[in-house]
Every structure is written in C-alpha cells, then in structure tokens.
Amino acid sequence: MRDVAIVGCGMTKFGRREEDLLELLSEASLAAMKDAEMDQGSVDAIYVANMGAGILNHQTGVASALVDRLSLLPAPADTVENGPASGASAIKNAFLAIASGLYDLVLVAGGEKMRAVTGWEVTDFVASMTHRQGEYIYGVTLPALAGMFARLHMAKYGVKPEHLAMVALKNHENGVRNPYAHIQQAVTMEGILHRPEAVVNNPYIAEPLRMFDCCPVSDGAAAVVLCAAERAKDFPHTVVRMAGFGQATDTHAVHQREDPLDLKAVRGAAQAAFKMAGLKPKDIHVAELHDAFTILEIVESEQAGFFGVGEGHLALEKGVTRLDGKLPINPSGGLKARGHPVGATGVAQVVELVWQLRGQAEGRQVPDAANGFCCNFGGFGNNVLAFVLSRE
Amino acid sequence: MKSVKGYQCKECGRVFYPERKICLGCGGRQFKKIALGKEGVLLTFTKLHALPMDFESRTLMLGIVEFAHGLRALGQLSTDDVEMGMKMRARWDVVRELDGVQLYGLRFYPAKR
C-alpha cells in the first residue's frame, strides 16, 4: 500500500448561498486545484460527496456533472453517498484508489445545497436515513435521536445543560475566527441559557436540546486534492500525509444497540485510524469532531480516546478543548458554527486539519500542530469514519 | 388491534425489534415472532418541537421503551407527562400518514392512570 498525501485544499463560505450545487462544488474544486498549483490535465479521477441532491435539488449524477463542468474529461467520476459522512467516504475512496496504485492524483469535492427547500422538508430529508420501520415512521428526526441520547447520557454522567452550552460557546467563539463559517457570532451563557429571553433566543428543538445545541442547515462545498506521497514534494506546500484511516458501522436503529449510549462505531473508526497511523490519542494536537449536536462533541471526544468515558464534559469545563487549551477541538467552529452542508462536512474537516498542520489557519492557528484527527459521523453513529493526518 | 411482536432467533434465543435477516448474535437465519410483553419501562424520551413535514401537531413525544428480554422499541408517547423509568403499555396505532398511506406503529401509554 502506498502512502497518500493531501496537496491541495479549498472551500466555499458555508451558509445560505445563492449559487446552485454545481457552482458551489466548482468553486471549492477550483480553489483546491489552485492551492495545489496544478492544471486540470493531471487529474486521474474525481469523487464527489453528496447526500441528497436528488431530493433537495432535482439533480442526480452529480459527479458526472462536475467532471464535465471542470473539463476534467475523460477522468473517471463517482458520486459517493454515505449520509452526513459522505465527505469522509469520498476521501476514503480516493485514498484507497491512490494507495492501491491505480491513480496518482485524485480530486475530491463534497457539497450540499440544503437551503433550497423549507425547514420541514430538510428535516424530513435528513430523517430519511433513520431506520424505516423502527424510527422514521414515528416522526423521528436526527435532533430527536440526539435529544433521547442526551437525556440518557446527562442522567448517567451528571452532564448539565451548561456543559452542552459550553460546546456551543467555544465553537461559536472559534467560528468568529473562521471566514468560511456559516455563523460568525459569539454567544454567551446568559444569552442562550440563563436570561428570561433565552426561551425565545434559544428555544427547545428536541428536549433537552435547544437550538444552540444543534448545527445550522447550510449550503456549501469543500474540496481536496490527494496524491501519492512520493510525488507530494512536487507541490508547493508543507506535505500533509493521510497517516491513518478507520471506519466502522453499528446497528441502524439506535435502540437495538446493547448499550444505546455506547457509540461503538466512533470507537472502532478511531482505533483503526490510530492503529494505521501508529499514533495514540495523546499524540494528537488538534481535532475536528462531528458536533452536529453539542452532546456529540462531548461523547466523540471520549470514544475517540481523548478522555475517559463520562469525562468529556469535565475536560470541556477545564478549557482543555478551547483554542488555547491542551487539545483544541473544532478550531474551525465545527458543524455548530462552520455549518453542516451534509455532503461537504467530512471534506471540510480535512481541509481545516490541513490548514492547521501547514500553519495556515490564520486567526485560529493551533501552535505547532503536527498531528490532527477528525471524525465524520454518519446516521446516528451507524456509519462513522475517522482520519489521522500528519505533517511530514 | 394488531399486537406488537419481537423476532426471536431460533438458534440463540436473542430477540430483535425491528426484524433482521441474520441474527446479530449468532448468525442464525430463522426467527419466530414473540409477543413483546404487556408492559415496558421508559428508558428515555424527547419532546420534539421541530417536526418533519406531514405532521400537523406543534410538538411530538417520542421515547424508547424497554421490555422483557432487554428488548427495546422506539415509538410515540401518548402524553408529555412522563419520566424516565415509568411503566408504559404499548398499542398498535396509526403513527404517520406518508404519501397518502396510513402507517401503523407503536404508541406508548402510561401503564397506570
């Protein structure tokens, strides 16, 4: 198996965008190709991550459309769908193809145009990945699953609404420093939790989770260029290697898990990624976790091995995961503030890590970060991917 | 009224809901339907305020109930006056209308009222 490096990255600003999906994917792809200082003739293949253009935008065959728009013809092109983990799955496909020796240089673009439909429709669209007979028919949504999970976790480990709000506060604070973030506004504990007007500013979505416990619905795209590590020094930037990859699945219906609080797929994906990289959680300097809900950042930080089970909220309380802490989590603002265009998120996590490891994350740079970790969480933890990235 | 059924693996006895084609425990492929039991315990719940399309109510109560054999099922709750650990009784009822079709599923009621 050959080593694989990331030699180009780019993204669009996330948020409510006027442009259509193809325009967003093109903007991110062109930014990544420009970053790699390459011409389009050298692209061997493209993978496009998208969860639901067929439902949201009346558009299917997204990779075929993008490869044409960018005149990368006749490069092979595939669309990859793995729910909100589509981005990491597309990168995985590129990684495997290069590692196998089949391709040398691959473009991966992930994007979603979610604000094209109403909030009711987008909620139903995301909910359609839940178990059909066991969950979806009841009106279950992703916030509903997260709410039930949060209630159990909070009761077992003494996690308070203030802990959840600390994730939001931290990630919004980081988002202010990220020009690509959907929401660039800091919030206060008083404003979202303690003042009387908090019930209006921060209403319940799925009790005990409130609006500021949930990521926004975003449009946006992100792209990376991957290449065989042996050729990586031909490109202009500090070489960042894909040191480790892991993926694991779990039961589709959350209630079928032996312990519904145990996110086994997060642990499995993280352990596999660390094993391949030959690194341990303590070797990581910066992490991007899938905080679609504040509770998830806390639990993923435990299952990835950074903190003990039931101790994630204590690390948060001590400021360990702040930008100036020992292990900054979600310096980008995470899904919470950067936003969550579902197909783009897994790619955007890798883009942020590459910027951090190159020392290019202006305004939110984690000093001297050499190893990064990210986790892209599909379904409610039923299909999870993790990467470890290392600076050469 | 249709009763609620779990699927028990004929090889190892493990019970699942919803059904699986292959047993998660032993790989067995033969299952028999068994009754869920009359009462279960409310493991966790949420009051949902942001509903997907096609629901007319402003909020929706959802919960996971644990029955005998450790078997669990998710369903709608009849009331928001609930707490964790409460005993619930299951009924089979229309839970959603989708594309003009009425879908049946579980609705949980407090066992004693």
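All values reported here derive from a predicted model rather than from experimental measurement.

About the thresholds
- Residues numbered from 1 in each chain as written.
- Chains lettered and ligands numbered in written order.
- Predicted model: local features only at pLDDT ≥ 70, side-chain atom pairs only at ≥ 80, totals over all residues.
- Heavy atoms only, no water.
- Helix = DSSP H or I, 4+ residues; strand = E, 2+ residues; numbered from the N terminus.
- Contact = heavy atoms within 4.5 Å.
- Areas by Shrake-Rupley, 256 points an atom, 1.4 Å probe, with all protein chains shown as cover.
- Lys, Arg positive; Asp, Glu negative; His and termini not counted.
- Charge placed at Lys NZ, Arg CZ, Asp CG, Glu CD.
- Domains from an automatic or database assignment.
- Buried area = accessible area lost by both parts, 1.4 Å probe.
- Salt bridge = Lys/Arg side-chain N within 4 Å of Asp/Glu carboxyl O.
- Polar contact = N/O pair within 3.5 Å; in protein donor to acceptor, adjacent residues only side chain to side chain.
- Axes fitted to C-alpha atoms, helices over the stretch in contact; angles between N-to-C directions.
- Parallel < 35°, antiparallel > 145°, perpendicular 65-115°, else oblique.
- Nonpolar A, V, L, I, M, F, W, Y, C, P; charged D, E, K, R; others polar.
- Expected span 1.5 Å × (residues − 1).
- Buried < 20%, exposed > 50% of the residue type's maximum accessible area, 1.4 Å probe, protein only.
- Core = buried A, V, L, I, M, F, W, Y, C linked by side-chain atoms within 4.5 Å.
- Pairing = 2+ DSSP bridges.
- Phe/Tyr/Trp six-rings, centres within 6.5 Å; stacked < 30°, edge-to-face > 60°.
- 1 Å grid on protein atoms, 1.4 Å probe; cavity = no way out; pocket = protein on both sides within 12 Å on 5 of 7 lines; lining within 4 Å.
- Points joined across faces, edges and corners; volume = space filled by probe spheres on them.

1. Some points on the overall build of chain A
Within chain A, the regular secondary structure consists of 14 helices and 11 strands. C-alpha extents for chain A along the principal axes are approximately 60 × 45 × 40 Å. In chain A, the share of contacts with a sequence separation of at least 24, taken over all contacts with a separation of at least 6, comes to 76%. Summed over all atoms, the accessible surface of chain A reaches about 13500 Å², with 50% contributed by carbon and sulfur. Where the 34 positive side-chain charges of chain A centre and where its 44 negative ones centre are 4 Å apart.

2. Brief notes about the domain arrangement of chain B
Interface extent is often summarised as the accessible area lost during association of the parts. Residue and element names in this part refer to chain B. Split into domains, chain B comes out as domain 1 (1-35) and domain 2 (37-113). Inter-centroid distance (C-alpha atoms) of domain 1 to domain 2 is 21 Å. Facing the 9 residues of domain 1 at the interface are 9 residues of domain 2. Both faces considered, domain 1 and domain 2 share a buried interface measuring about 810 Å² in area, 73% of it formed by carbon and sulfur atoms. Applying the counting rule to domain 1 against domain 2 returns 0 salt bridges. Summed over the shared surface of domain 1 and domain 2, the number is 1 residue pair in polar contact (both at pLDDT 80 or more).

3. Overview of the packing of helix α7 (residues 161-176) of chain A against helix α11 (residues 294-303) of chain A
Residue and element names in this part refer to chain A. Between α7 and α11, the shortest axis-to-axis distance is 8 Å and the interhelical angle comes to 95°. One way to sum up the angle between α7 and α11 is to call them roughly perpendicular. Residue-level inspection shows His163, Leu164, Val167, Ala168, Lys170 and Asn171 of α7 in contact with α11, the latter providing Thr294, Ile295, Glu297 and Ile298. For the contact of α7 with α11, the class distribution of residues is 5 nonpolar, 3 polar and 2 charged.

4. Considering α7(A)
Residue and element names in this part refer to chain A. Between the first and last C-alpha of α7 there are 23 Å, a value that for 16 residues agrees with the 22 Å anticipated at 1.5 Å per step. Buried residues of α7: His163, Leu164, Ala165, Val167, Ala168, Leu169, Lys170, Asn171, His172, Asn174 and Gly175, and no others. The secondary structure elements touched by the buried residues of α7 are α6 (142-157), α8 (189-194), β6 (209-210), α11, α12 (312-317) and α13 (334-338).

5. Notes on the interface of chain A and chain B
With 34 residues of chain A in contact, the opposing surface of chain B contributes 35 residues. Summed over both sides, the interface between chain A and chain B buries roughly 2900 Å², with carbon and sulfur atoms accounting for 62% of that surface. Ranking the residues of chain A by area buried against chain B places A:Tyr138, A:Met148 and A:His255 at the top, with a combined share of 26%. Between B:Arg96 and A:Asp124 there is a salt bridge, with the nearest N and O atoms lying 2.9 Å from each other. Summed over the shared surface of chain A and chain B, the result is 19 residue pairs in polar contact (both at pLDDT 80 or more). Residue assignment for the side of chain A that touches chain B shows that the elements contributing at least two residues are α5 (119-127), α6 and β5 (204-206) of chain A. If you tally residues by element for the side of chain A that touches chain B, the top one is α6(A), at 7 residues. Partitioning the side of chain A that touches chain B into residue classes produces 15 nonpolar, 10 polar and 9 charged.

6. Describing α6(A)
One turn of the α-helix equals 3.6 residues, which is why residues spaced by three or four share an orientation. Residues and elements named next belong to chain A. Helix length check: α6 (16 residues) gives 22 Å between terminal C-alpha atoms against 22 Å at 1.5 Å per residue, within 8%. Burial within α6 is extensive, with 13 of its 16 residues counted as buried. After α6 finishes, the residue Gly158 shows a positive phi value of roughly 70°.

7. Details of the nonpolar core
Ranked by size, the top nonpolar core spans 92 residues in total, and within it A:Tyr138, A:Phe293, A:Phe306, A:Phe373, A:Phe380, A:Val388 and B:Phe108 carry the most contacts. Each of domain 1 (1-35) and domain 2 (37-113) of chain B accounts for three or more of the residues forming this core. The residues contacting B:Phe108, other than those within four sequence positions of it, are B:Gly63, B:Val65, B:Phe67, B:Ala73, B:Leu74, B:Gly75, B:Gln76, B:Leu77, B:Ser78, B:Met88, B:Arg89 and B:Ala90. A:Val4, A:Ala97, A:Val286 and A:Val366 belong to the second-largest nonpolar core, a separate cluster that totals 46 residues.

8. Quick word on the pairing of strand β6 (residues 72-77) of chain B
Residues and elements named next belong to chain B. The buried count for β6 comes to 6 of 6 residues, which makes it a mostly enclosed element. Where strand β5 (residues 60-66) folds back on β6, the antiparallel hairpin that results is connected by 5 residues, among which His69 adopts a positive phi of roughly 65°. Taken together, the 2 bridges between β6 and strand β8 (residues 101-110) define a ladder with parallel strand orientation. Its bridge partner lying in β8, Leu77 is registered against Phe108.

9. Structural notes on the pattern of salt bridges
Throughout the structure, instances matching the rule amount to 24 salt bridges over all chains. The salt bridge partner of B:Arg107 is B:Asp93, with a shortest N-O separation of 2.9 Å. Of this pair, B:Arg107 sits in strand β8 while B:Asp93 sits in strand β7 (residues 87-98), and the two are 14 residues apart along the sequence. Under the relative-accessibility criterion, B:Asp93 is labelled partly exposed at 28%. Here the salt bridges do not stand alone but share partners, grouping A:Arg2, A:Asp104, A:Glu230 and A:Arg231 into one network.

10. Focus: the packing of aromatic side chains
All names here are of chain A. Within this structure, the stated rule accounts for 10 aromatic pairs over all chains. Here Phe95 and Phe245 contribute two aromatic rings whose centre-to-centre distance is 6.2 Å and whose plane-to-plane angle is 50°, an arrangement assigned as tilted. On the criterion of sequence distance, the pair formed by Phe95 in helix α4 (residues 86-99) and Phe245 in strand β8 (residues 240-249) is long-range, its members being 150 residues apart. Each member of the pair Phe95 and Phe245 is classed as buried. Seen in terms of ring centroids, Phe306 and Phe373 are 5.5 Å apart; in terms of plane orientation they differ by 85°. Their pairing is edge-to-face. With Phe306 in the loop between α11 and α12 and Phe373 in strand β10 (residues 371-378), this residue pair connects regions lying 67 residues apart in the sequence.

11. Here we look at the side chain of B:Thr46
For B:Thr46, the position within the fold is in strand β4 (residues 39-48). Judged by its relative accessible area of 0%, B:Thr46 falls in the buried class. Here the side chain of B:Thr46 touches A:Glu207 through a polar contact of 2.6 Å, landing on its backbone oxygen. If sequence neighbours within four positions are ignored, B:Thr46 has contacts with A:Ala144, A:Gly147, A:Met148, A:Arg151, A:Ala206, A:Glu207, B:Leu60, B:Met61 and B:Leu62.

12. What about empty space enclosed by the protein?
Tallied over the full model, the rule gives 4 cavities of 30 Å³ or more. Within this model, the largest cavity holds a volume of roughly 60 Å³. Lining the largest cavity we find A:Leu145, A:Met148, A:Phe149, A:Leu152, A:Val254, A:Pro260, A:Leu261, B:Thr44 and B:Ile64. Tallying contributions element by element places α6(A) first for the lining of the largest cavity, with 4 residues. Class assignment of the residues belonging to the lining of the largest cavity gives a composition of 8 nonpolar, 1 polar and no charged. If you add up the space inside the second largest cavity, you get close to 40 Å³. In terms of lining residues, the second largest cavity is bounded by A:Met129, A:Thr130, A:Glu135, A:Leu142, A:Leu145, A:His252, A:Val254, A:Gly379, A:Phe380 and A:Asn382.

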